[in-house]
Amino acid sequence: MNKIGGLLLFSIVLSTLTTGCSDEAKDKAMAEKVAAAKTENEKHKTISTTKMAVHSDGDIQHVIPNTAAPKIDNDEISRNADDLPPPINRTEAQVVRVDLYTAELVAQMMPEVTYQYWTYNGKVPGPFIRVREGDTVEIHLRHGKAGRERSEHSTTQHAVAGHYAHSIDLHAVVGEGGGAALTEVGQDQEKSFRFKATHSGIYVYHCASFHAPTHIANGMYGMILVEPAEGLTKVDREFYVMQGDFYTQGKYGEKGFQAFDKDKLLAEHPEYFLFNGRVNALSGERALKAKVGEKIRLFVGVGSHIASNFHIIGTVFDKLYKDGAITNPPLKNVQTTTIAAGSAVMIEFTAEVAGKYLLVDHNLTRAID
Ligand SMILES: [Cu+2]
């Protein structure tokens with residue numbers, strides 16, 4: 001390859017995972033209530049739109065198209081990889097307010113395949129939160145977007161759907177549940193709490209409300225960067241990428257609305273490994289772009305449940321800060337890194353040769369098939 005000036009395209013082929021820490025005992029009563037309602041709901045379980053619902057009505061048997069598939073709420077579920085705040089250049093600690101809301105949104109996972117995502121602020125992953133070591137962080141979490149039309153869904157319907165409550169557990173928090181108990185919000189509620197960012201690093205956050213693994217599998221995760229007090233070294237580009245595993249009733253690529261499949265979640269058998277929430281979310285127009293010679297920094301995390309073997313085809317990581325430990329000396333010249341579920345890494349490299357480079361999970365069937 002020639003070393004020439006030009007645009008480098010980093011396409012993300014794969015999208016990929018999290019661990020939930022839930023206060024299950026506390027939620028047991030609600031869970032039982034929901035289970036009863038669920039039994040009723042099972043009778044009306046949504047099926048794939050590619051199938052037909054067959055109803056027996058006395059002696060007349062008729063086939064009706066399934067019209068229960070929800071409409072698309074959001075044209076783009078995926079957060080752009082360059083959607084993150086700029087580096088911090090202040091030298092004093094301050095109070096940083098972060099406003100989050102939860103939203104359950106039907107969106108395309110790939111063309112002709114839709115899914116109901118559960119999100120922070122309407123995208124997967126949730127917003128990239130950036131603070132400085134020593135800052136006091138004030139997290140506000142609202143169940144439902146402020147000012148939206150009041151949901152036509154009742155609290156019971158939310159409960160049956162499994163999201164009677166949402167919350168946030170930030171791995172940067174030192175304290176019980178990472179903030180989960182303090183932020184557990186029912187429909188249209190808002191709560192807030194403060195914590196001091198004492199440990200610099202790159203961390204995952206996620207929903208921890210019952211059933212936490214389901215909330216996470218549906219897309220409720222993001223990252224928080226606590227910059228060291230002295231800041232990070234200067235780079236030319238920064239990008240934000242999270243891998244997640246998704247569990248649909250239909251097989252990979254099966255058209256129509258795909259309901260969440262809890263059995264597949266429990267069996268650790270996802271149909272989709274995705275970067276930033278949908279198939280090809282970070283390719284084409286949305287590819288990560290940089291110029292030859294520029295220093296690039298990637299924050300890569302695993303939001304949901306299955307660890308990643310992160311690799312960029314055609315690149316060596318000049319520096320790798322494993323396991324979110326950004327103040328430790330980095331590993332140098334690394335080809336592939338594992339990223340645990342509920343963890344993140346910081347990668348730095350220079351794009352030396354123009355071309356197109358694919359970000360993949362090097363368990364390659366996840367990327368190719
Ligand atoms: Cu949730």
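Quick caveat: nothing in here was measured; it's all calculated off a predicted structure.

Draft legend 1. Local environment of the overall build of the protein. The number of helices and strands found in the protein is 5 helices and 24 strands. Looking at the protein residue by residue over its 369 residues, the buried ones come to 45%.

Draft legend 2. Structural detail: the nonpolar core. Counting 87 residues, the largest nonpolar core has Y203, M223, I224, V241, F299, V300 and A344 as its most contacted members. Each of domain 1 (7-21 + 237-368) and domain 3 (95-227) gives at least three residues to this core. In contact with A344, not counting residues within four places along its chain, are I202, Y203, V204, M223, F299, V300, G301, G324 and I339.

Draft legend 3. Inspection of the sheet that holds strand β21 (residues 331-334) at higher detail. If you walk across this open sheet you meet the 6 strands as β16-β14-β18-β23-β20-β21, and the pairing is mixed. Each having just a single partner strand, β16 (272-275) and β21 make up the two edges of the open sheet. For this sheet the average axis-to-axis angle between neighbouring strands, irrespective of direction, equals 25°.

Draft legend 4. Representation of the sheet that holds strand β13 (residues 221-227) in the model. In space, the 4 strands of this open sheet follow the order β6-β13-β12-β9, with mixed pairing throughout. Among the strands making up the open sheet, the edge pair consists of β6 (129-132) and β9 (169-170). Where β6 lies against β13, 4 bridges are found, and the strand directions are parallel. Within β13, the residue paired with V131 across the bridge is V226.

Draft legend 5. Up close: the pairing of strand β19 (residues 308-312). Counting buried residues in β19 gives 4 out of 5 residues, a clear majority hidden from the surface. Where β19 lies against strand β24 (residues 356-361), 3 bridges are found, and the strand directions are antiparallel. Opposite F310, over in β24, you have D361 as the bridge partner.

Draft legend 6. Quick look at the pairing of strand β23 (residues 344-350). Buried residues dominate β23, accounting for 5 of its 7 residues. As paired elements, strand β18 (residues 295-302) and β23 share 7 bridges and run antiparallel to each other. Bridging across to β23, K295 finds its partner in T350. The pairing of strand β20 (residues 317-321) with β23 spans 3 bridges and is antiparallel. Bridge assignment links Y321 to a residue of β23, and that residue is M346.

Draft legend 7. Region of interest: unusual backbone geometry. Omega for the bond connecting V124 with P125 falls within 30 degrees of zero, at -5°, which places this linkage in the cis form. Relative to the elements of secondary structure, P125 occurs in the loop between β5 (113-120) and β6. In the segment running from F210 into H211, the intervening peptide bond is cis, with an omega of -10°. By secondary structure assignment, the location of H211 is in the loop between β12 (201-206) and α3 (212-217). Backbone geometry at N280 places phi at a positive 60°, although glycine is not the residue there. Position of N280 relative to the elements: it lies in the loop between β16 and β17 (288-291).

Draft legend 8. View of the environment of V226. Of note, V226 is situated in strand β13. According to the C-beta neighbour criterion, V226 is buried, with 26 such atoms within 10 Å. The spacing of V226 and T198 is 28 residues in sequence and 8.4 Å in space, taken between C-alpha atoms. Discounting chain neighbours no more than four positions away, the residues touching V226 are V131, E133, A172, A197, H199, S200 and G201.

Draft legend 9. A look at the environment of A197. Tracing the backbone shows A197 in the loop between β11 (190-196) and β12. Sequence-wise, A197 and G134 are 63 residues apart; in three dimensions their C-alpha atoms are separated by 5.3 Å. Sequence-distant contacts of A197, defined by excluding residues within four places in its chain, comprise V131, E133, G134, D135, V137, A172 and V226.

Scoring rules and cut-offs
For every chain, the first residue of the written sequence is number 1, and numbering continues from 1 along that sequence. Under the rules for a predicted model, residues below a pLDDT of 70 receive no local features and side-chain atom pairs below 80 are neither given nor counted, while totals for whole chains, interfaces and linings still include all residues. Strands here are runs of E lasting at least two residues and helices are runs of H or I lasting at least four, both read from the DSSP assignment and numbered beginning at the N terminus. Exposure in this text rests on C-beta crowding, where 20 or more other C-beta atoms within 10 Å of a residue's own make it buried, 12 or fewer make it exposed, and counts in between make it partly exposed. The C-beta atoms are placed from the backbone. The term nonpolar core refers to a set of buried Ala, Val, Leu, Ile, Met, Phe, Trp, Tyr and Cys residues connected through C-beta atoms within 7 Å. As annotated, the domain borders come from an automatic or database domain assignment. In this description, any two residues whose backbone-derived C-beta atoms lie within 7 Å of each other are considered to be in contact. Two strands qualify as a pair provided DSSP detects at least 2 bridges between them. Under this scheme, a helix contributes an axis fitted over its contacting stretch, all axes are lines through C-alpha atoms, and angles between N-to-C directions fall in the 0 to 180 degree range.

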